[in-house]
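Summary of the model geometry
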Amino acid sequence: MSFGSSSKILRVNLTSNTLNVEELSDEFYRLYPGGKALAGYYLLREMPAHTDPFDPQNLMVFANGLLTGSPVSTATRYIVSARSPLTNGYGESEAGGFWGPELKMAGFEALLITGRADEPVYLWIHDGEYELRPANHLWGRPPVEVEADIRAELGDDKIRVLQIGIAGEHRGRFAGIPNDLRHFNGRNGRGAGMGSKNLRAIAVRGHQRYQTMAYDSPALMALGRKLAQEVSKNALSWDLQQRGTPGIVEALSAGGILPTLNFRKGTFENVDNIKWEVYEKTLLTARRSCYACAVRCKREVAVDGKVSAYGGPEYETIAAFGSNCGIDDLQMINRANEQCNAYMLDTISTGATIAFAMECFEHGLIGLEDTDGIDLRFGNAEALLPMIDKIAHRQGIGSLLAEGSKRAAAVIGGDAVHFTMEVKGQELAMHDPRGKFNVGMGYAISEIGADHLVVTHDPMLANPESASFKAARPLGITEAQPARSLNDEKINQFFILERWNSMEKAVGFCFFGPAPRSFILPEDVLNAINVATGWNVDMAEALSIGERGTNMARVFNAREGFSRKDDTLPERLFQGLENGALKGQAMPREDFERALTRLYTLKGWDPESGTPSRQRLEELSLGWAADIIEAARVA
Ligand code: SF4
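These figures come from a predicted structure and were not determined experimentally.

Along its length, the protein carries 24 helices and 17 strands. Relative to the 2.2 N^0.38 estimate, which gives 26 Å for 635 residues, the radius of gyration of the protein is 23 Å and therefore close to what a compact globule would have. Based on the C-alpha atoms only, the size of the protein along its principal axes is roughly 65 × 60 × 55 Å. When burial is assessed residue by residue, the protein has 66% of its 635 residues classed as buried. In the protein, once contacts between residues fewer than 6 apart in sequence are set aside, the share between residues at least 24 apart is 68%. Total accessible area on the protein stands at roughly 20500 Å², and carbon and sulfur atoms take up 49% of it. Both charge centroids of the protein, one from 67 positive and one from 81 negative side chains, sit 2 Å from each other.

Printed below as a string of structure tokens:
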């Protein structure tokens with residue numbers, strides 16, 4: 001018997017309309033305890049090589065973390081994985097909110113969805129029961145209406161609805177999936193994948209509390225209560241509660257690493273118009289949370305005087321539509337956020353792609369005749385809403401931009417390729433790695449394309465007196481290192497942090513939960529796993545869970561032809577910032593390449609190709625993945 005888990009997965013074939021349940025053994029689940037690890041296993045083992053992201057055979061895995069839904073703050077996450085239509089590689093994005101915990105309470109750890117329905121459908125899961133229902137009447141309609149209609153149709157206003165929007169229906173390559181309208185699997189085109197399957201929504205409702213599945217429920221409850229009290233004692237988690245992610249806009253600009261004008265600059269002259277104090281005064285209506293999370297970092301806002309159903313803009317969105325597009329109108333950024341969310345577009349890729357188009361416009365590569373008269377100058381706030389509209393509906397130039405900036409640049413031609421700020425086809429998040437080099441390594445090496453959640457950001461481990469540095473000691477991090485360094489010790493730390501963060505994505509923690517980023521000390525992370533399951537996971541096993549996750553994703557990409565050449569950064573980042581506190585600072589190319597070789601070596605990957613070795617895979621109990629690599633070589 002397994003503790004901490006229902007042990008069940010639901011398989012859905014939309015083509016044949018068949019649904020069936022499988023049980024996971026405790027032994028299997030300990031190797032792949034949910035989230036990134038469980039999703040990576042099924043994606044790599046079951047999806048045929050070279051499956052087109054829009055082919056019905058593209059498998060979508062919705063996988064809860066082991067602890068998702070437990071009373072431990074920030075353990076709210078689930079992963080959605082599939083081959084990415086944006087990168088053509090391993091695709092993954094995570095979200096919090098309430099949907100994952102509800103799926104757990106409904107009796108399932110994961111959903112494996114393949115095929116394509118003839119007509120739009122939605123999946124309804126409740127207390128161990130499941131069925132596909134028609135969704136023709138929901139297709140093309142605003143998410144806020146779809147959610148209300150599903151709840152009314154099923155007669156329960158507590159049903160949690162995960163769904164796509166118009167962007168996903170049109171297979172926009174960076175369409176996302178929200179739950180409860182405001183918690184996003186934003187990145188990597190997950191919404192396009194659902195749209196290609198004619199799957200409009202997944203509604204869930206359950207009543208089995210996590211505590212009833214736990215090995216030591218009183219200990220888990222006590223840990224949950226203790227951790228809830230820790231939030232206010234940690235400066236980083238307390239700041240998240242007070243200001244949320246929008247609180248960092250001003251500091252990043254002052255530090256010279258706020259992406260500005262498509263990453264040309266690191267300081268935004270008009271940052272005072274988009275900083276937290278303006279947000280708090282002019283937009284904020286309430287603070288909210290994900291399931292059972294005491295951090296409460298989510299913001300609610302008013303748009304044009306009316307409370308938005310879609311939640312407030314996060315830091316990433318403010319930077320993507322604001323400084324990176326040269327726009328200082330916070331009200332318009334707020335509207336752009338709501339419009340993206342109503343269409344279910346990833347705000348990072350949408351903002352970054354518009355910034356790319358603005359630079360093309362500035363250089364005359366596209367003109368008013370291409371934009372249907374939209375003046376796409378940097379700084380023109382009026383351009384945002386019509387451009388988002390076009391991208392979501394794939395109208396005019398919006399159809400090209402909905403392909404992502406890399407594909408758009410190939411069509412536009414000329415110098416456009418120099419204006420794309422992407423890795424493996426996914427646009428950079430709003431963190432300039434020229435001020436935090438390990439974040440740059442994370443962008444480069446991430447299997448899903450540029451991703452800012454690969455490692456703890458460098459400044460948090462640069463000060464030996466900081467709480468975050470001290471909390472990292474049990475991970476084996478004992479020397480503070482400068483943010484702008486790629487020395488050998490820094491790369492050792494990258495290797496540790498990448499495994500630790502990957503483990504968090506397996507067991508269901510939010511990036512804002514565990515140390516060193518936040519308030520849950522490593523021993524409490526392990527304690528949570530062990531009182532939930534009855535296992536005795538130690539640090540070495542926790543890191544190997546994370547390493548297993550990254551290696552399965554890496555093998556997936558190796559099979560699809562990705563290699564070291566894809567682990568790089570946009571050329572612009574190897575050049576100096578044009579202004580601010582770090583003016584002239586570049587990512588040093590030689591250091592970067594040397595660090596990449598060192599990292600591959602630490603990971604047991606071939607330094608030339610970046611492919612995992614059989615020996616390392618076998619040490620991780622992934623000998624079957626080594627067979628996949630060898631079979632791909634023969635083919
Ligand atoms: S820290 Fe914020 S995003 Fe993370 S689980 Fe808590 S409320 Fe959700």
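So that's the structure; there's more coming.
Here we come to helix 4 (residues 143-154). Under the 1.5 Å per step criterion, the end-to-end length of helix 4 is 16 Å for twelve residues, consistent within 8% with the ideal 16 Å. All of the buried residues along helix 4 are Pro143, Val146, Glu147, Ile150, Arg151 and Leu154. Buried residues in helix 4, looked at end-on, bunch into an arc of 130°, giving them a common side. Residues of helix 4 that are buried in the fold lie against strand 7 (121-126), strand 8 (129-134), strand 9 (160-163), strand 12 (199-205) and helix 12 (330-343). Phi turns positive, to about 70°, at Gly155, one or two residues after helix 4.

Below, the discussion takes up the packing of helix 7 (residues 217-230) against helix 20 (residues 522-533). Where helix 7 contacts helix 20, the two axes come as close as 9 Å, and the packing angle between them is 155°. On the basis of their axis angle, the class for helix 7 and helix 20 is roughly antiparallel. For helix 7 against helix 20, the interelement crossing comes out left-handed. Mapping the contact onto sequence places Ala219, Leu220, Leu223, Lys226 and Leu227 in helix 7 and Asp524, Asn527, Ala528, Val531 and Ala532 in helix 20. Looking at the contact of helix 7 with helix 20 residue by residue, the classes come out as seven nonpolar, one polar and two charged.

Here the focus is the sheet that holds strand 14 (residues 298-303). Strand order in the open sheet formed by three strands is 13-14-15, and the pairing between neighbours is antiparallel. Two strands in the sheet have a free side with no partner beyond their single neighbour: strand 13 (284-288) and strand 15 (306-307). Of the pairings in the sheet, the one linking strand 13 to strand 14 comprises four bridges and is antiparallel in character. Residue pairing across strands places Leu284 opposite Val301, the latter belonging to strand 14.

A few words now on helix 22 (residues 589-603). If you check helix 22, its first and last C-alpha atoms are 21 Å apart, about what 15 residues at 1.5 Å a residue would give, namely 21 Å. In the core, the buried residues of helix 22 are packed alongside helix 17 (437-445), helix 19 (488-507), helix 21 (539-559) and helix 23 (614-619). Trailing helix 22 by a residue or two, Gly604 shows a phi angle of about 75°, which is positive.

To continue, consider the site of the ligand. Every residue close to the ligand is listed here: Thr74, Thr76, Ser289, Cys290, Cys293, Val295, Cys297, Cys510 and Phe512. Residues that form the shell around the ligand fall into these classes: six nonpolar, three polar and no charged.

This part is about the nonpolar core. Tyr42 and Leu67 are the most contacted members of the largest nonpolar core, which totals 168 residues. By size, the runner-up hydrophobic cluster in this structure holds 27 residues, among which are Ala82, Val121, Leu123 and Val204.

Taken together, the six strands give an open sheet; going across it, the order is 2-1-6-3-4-5, and neighbouring strands pair in mixed fashion. Pairing within the sheet leaves two strands with one partner each, and these edge strands are strand 2 (18-23) and strand 5 (90-95). Mean inter-strand twist for the sheet, computed between neighbouring axes without regard to direction, equals 15°. With five bridges connecting them, strand 1 (residues 8-13) and strand 6 (residues 110-114) associate as parallel partners. Counterpart to Arg11 in the pairing with strand 6 is Leu112. Along the sheet face, helix 2 (residues 35-46) touches strand 1, strand 3 (60-64), strand 4 (78-83), strand 5 and strand 6 and points at about 155° away from the line of strand 3.

On to the packing of helix 12 against helix 14 (residues 384-393), then. As a packed pair, helix 12 and helix 14 sit with axes 10 Å apart at the nearest point and diverge in direction by 10°. With respect to each other, helix 12 and helix 14 are oriented roughly parallel. Contact with helix 12, carried on its side by Met332, Arg335, Ala336, Gln339, Cys340 and Tyr343, involves Leu384, Leu385, Ile388, Asp389, Ala392 and His393 of helix 14 and no other residues of that element. Taken together, the residues of the contact of helix 12 with helix 14 break down into eight nonpolar, two polar and two charged.

In this fold, Gln426 is placed in strand 17 (residues 426-427). Only 2.8 Å separates the side chain of Gln426 from the side chain of Asn188, close enough to count as a polar contact. Once residues lying within four places of it in the same chain are set aside, the contact partners of Gln426 are Leu86, Thr87, Arg187, Asn188, Met421, Ile448, Gly449 and Ala450.

Time to look at the side chain of Ser70. Of note, Ser70 is situated in the loop between strand 3 and strand 4. Under the relative-accessibility criterion, Ser70 is labelled buried at 0%. Polar contacts involving the side chain of Ser70 include one to the main-chain carbonyl oxygen of Leu67, which spans 2.8 Å.

Tracing the sequence through the fold places Gly425 in the loop between strand 16 (422-423) and strand 17. Taking the C-alpha atoms as reference points, Gly425 and Lys36, separated by 389 residues in sequence, lie 21 Å from one another. When residues no more than four places from it in sequence are discounted, the contact partners of Gly425 are Leu86, Thr87 and Lys406.

As a further point, take the pattern of salt bridges. Where charged atoms from two side chains of opposite charge approach closely, those side chains can pair. Applying the stated criterion to the full structure yields 57 salt bridges. One salt bridge connects Glu300 with Arg288, and the closest N-O pair in it is separated by 3.8 Å. Here Glu300, found in strand 14, pairs with Arg288, found in strand 13; they are twelve residues apart in sequence, far enough to count as distant. By relative accessible area, Glu300 is classed as buried at 4%. Among the charged side chains, a salt-bridge network with shared partners connects Glu147, Arg151, Arg160 and Asp180.

Another aspect to go through is the environment of Met503. When you line up the elements, Met503 lands in helix 19. In sequence terms Met503 and Asn536 are 33 residues apart; their C-alpha atoms lie 15 Å from each other. Once residues within four sequence positions are removed from consideration, Met503 is found in contact with Val525, Ile529, Ala542, Ile545 and Gly546.

Calculation notes
- Residues numbered from 1 in each chain as written.
- Predicted model: local features only at pLDDT ≥ 70, side-chain atom pairs only at ≥ 80, totals over all residues.
- Heavy atoms only, no water.
- Helix = DSSP H or I, 4+ residues; strand = E, 2+ residues; numbered from the N terminus.
- Rg over C-alpha atoms; globule rule 2.2 N^0.38 Å.
- Buried < 20%, exposed > 50% of the residue type's maximum accessible area, 1.4 Å probe, protein only.
- Contact = heavy atoms within 4.5 Å.
- Areas by Shrake-Rupley, 256 points an atom, 1.4 Å probe, with all protein chains shown as cover.
- Lys, Arg positive; Asp, Glu negative; His and termini not counted.
- Charge placed at Lys NZ, Arg CZ, Asp CG, Glu CD.
- Expected span 1.5 Å × (residues − 1).
- Arc of directions from axis to C-beta.
- Axes fitted to C-alpha atoms, helices over the stretch in contact; angles between N-to-C directions.
- Parallel < 35°, antiparallel > 145°, perpendicular 65-115°, else oblique.
- Left-handed = near helix turned anticlockwise from the far one by under 90°.
- Nonpolar A, V, L, I, M, F, W, Y, C, P; charged D, E, K, R; others polar.
- Pairing = 2+ DSSP bridges.
- Near = heavy atom within 4 Å.
- Core = buried A, V, L, I, M, F, W, Y, C linked by side-chain atoms within 4.5 Å.
- Polar contact = N/O pair within 3.5 Å; in protein donor to acceptor, adjacent residues only side chain to side chain.
- Salt bridge = Lys/Arg side-chain N within 4 Å of Asp/Glu carboxyl O.

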